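Coordinate inspection notes
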Amino acid sequence: MHAFIDGGRGYIFGEAIYPAGGVYGPLKERYVTLLIIHEGKARVFCDDDETVMGPRSCGFFRNERRLFIEYAEGRNTRVSWCEGYAGDLPETLAMRLRSVSPRIPLSQRVETMQRLGVELGAGSSSNLNTLRNGLGETIFLAYFHEAQLSEQERMTPRSVLRARFYIDENYEKEITVERLAALVGVTPQHLVSSFRKHIGVTPVRYLWQVRTNHGHSLLLQTGLSIAEIAYQCGYKNPFHFSRQITDQFGMSPRDVRANKGYRLASDIAEGAADTAYGMALPETNSIVGE
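This text gives an overview of the structure that appears in the document. (Residues numbered from 1 in each chain as written. Predicted model: local features only at pLDDT ≥ 70, side-chain atom pairs only at ≥ 80, totals over all residues. Heavy atoms only, no water.)

**Quick look at the sheet that holds strand E4 (residues 42-46)**
- Taking strand neighbours across the sheet as the criterion, the five strands line up as E5-E4-E7-E2-E10 in an open arrangement whose pairing is antiparallel. Every interior strand has two partners, whereas the edge strands, strand E5 (49-53) and strand E10 (274-276), have only one. Averaged over neighbouring strand pairs, the angle between their axes works out to 10° when direction is ignored. (Pairing = 2+ DSSP bridges. Helix = DSSP H or I, 4+ residues; strand = E, 2+ residues; numbered from the N terminus. Axes fitted to C-alpha atoms, helices over the stretch in contact; angles between N-to-C directions.)

Written out as structure tokens, the structure reads:
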């Protein structure tokens, strides 16, 4: 890992919201960046390559000369990242990294690690920095693992991929296995069995995971009431939402908000221009391990 990351300079975790789009960069130092688009859309220019990222996608970028990001104008985009300074690479390793997919679907594994990195906070101590940097290494390794799995996804039945995509895009609606199965053209029994085999959980369990994770993000990123968040995420009442948040994150929605606060963050490393269209960019809160 240290072969392509300058481990002596640490890792940066951060996140930001662009309410109506914006631009970030250009960065001219050499970086290795794991970029996550939770919602919205982005175009990433890494040296001579351009990558378009949609909602719930994750990208890996290692720039030699320039990194510049455009967030879709007139559209709310929520983004987070883990970043390190690029180390010097032997050509054999550089070729291997160039073969890594620059964009994959965002997995629960990577999303959880990113959240943990941000939640470590901005404090600095020997133990905390060691923990943060260890997590930084781990999330990049997780990306490489997920990229390999993404290649294997080509073997996943189209019906399962279509059902998962529908859930990701419509989690706030009432979704049943019967409706999903009808949409993708298989029987409910076949969909449940195939979904569990290729995704690891049933469609219903996956739906509740998506709803709970999105609700957790809204608790941290907005001032909406708990009831408003519950209904936006597809829950019929706030009590069910509170119970699932408590089960998954070990604290109630009120405790999540009280202990973690609002984290509308943006990394402005090396003073790069960072502009959100339509309104001033929120205060920055990059989290650095050295």
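Text resumes after the structure shown.
**Things to note about the packing of helix H4 (residues 158-170) against helix H5 (residues 177-184)**
- Put simply, H4 and H5 touch, their axes get as near as 9 Å, and they point 125° apart. Judged by the angle between their axes, H4 and H5 are oblique. The interaxial crossing formed by H4 with H5 has right-handed handedness. Residues Ser159, Arg162, Ala163, Tyr166 and Ile167 of H4 form the contact with H5, whose own contacting residues are Arg179, Leu180, Leu183 and Val184.
- Among the residues forming the contact of H4 with H5, the class breakdown is six nonpolar, one polar and two charged. (Parallel < 35°, antiparallel > 145°, perpendicular 65-115°, else oblique. Left-handed = near helix turned anticlockwise from the far one by under 90°. Contact = heavy atoms within 4.5 Å. Nonpolar A, V, L, I, M, F, W, Y, C, P; charged D, E, K, R; others polar.)

**Notes on the pattern of salt bridges**
- The tally for this structure, following the rule as stated, stands at nine salt bridges.
- Two residues, Arg62 and Glu64, come together in a salt bridge whose shortest N-O distance is 2.4 Å.
- Residues Arg109 and Glu146 are paired through a salt bridge, measuring 2.0 Å at the closest nitrogen-oxygen approach. Taken as a pair, Arg109 in helix H2 (residues 108-119) and Glu146 in helix H3 (residues 126-152) lie far apart in primary sequence, 37 residues in all.
- Here the salt bridges do not stand alone but share partners, grouping Arg30, Arg62 and Glu64 into one network. (Salt bridge = Lys/Arg side-chain N within 4 Å of Asp/Glu carboxyl O.)

**Some words on the packing of H5 against helix H6 (residues 188-199)**
- Running from amino to carboxyl end, H5 crosses H6 at an angle of 90°, the nearest separation of the two axes being 8 Å. Viewed along their axes, H5 and H6 adopt a mutual orientation that is roughly perpendicular. Residues Val177, Glu178, Leu180, Ala181 and Val184 of H5 pack against Pro188, Leu191 and Val192 of H6.
- Taken together, the residues of the contact of H5 with H6 break down into seven nonpolar, no polar and one charged.

**Considerations on the environment of Arg196**
- Summarising the element assignment, Arg196 is placed in helix H6.
- For Arg196, a relative accessible area of 45% puts it in the partly exposed group.
- In the structure, Arg196 is positioned 10 residues away from Tyr206 in sequence and 9.5 Å away in space, judged by C-alpha atoms.
- In this structure, Arg196 is in contact with Val201 and Thr202, ignoring residues within four places of it in sequence. (Buried < 20%, exposed > 50% of the residue type's maximum accessible area, 1.4 Å probe, protein only.)

**What about the packing of aromatic side chains?**
- Scanning all chains against the criterion turns up 11 aromatic pairs.
- Residues Tyr11 and Phe140 carry aromatic rings whose centres are separated by 6.3 Å and whose planes lie at 45° to one another, so their mutual orientation is tilted. With Tyr11 in strand E1 (residues 11-18) and Phe140 in helix H3, this residue pair connects regions lying 129 residues apart in the sequence. For the pair Tyr11 and Phe140, one class covers both residues: buried.
- These aromatic residues form a ring-pair network of at least three members: Tyr11, Phe60, Phe140, Tyr143 and Phe144.
- Over the ring of Trp208 we find Arg211; its NZ or CZ atom is 4.6 Å from the centre of that ring. (Phe/Tyr/Trp six-rings, centres within 6.5 Å; stacked < 30°, edge-to-face > 60°. Lys NZ or Arg CZ within 6 Å of the ring centre and 35° of its normal.)

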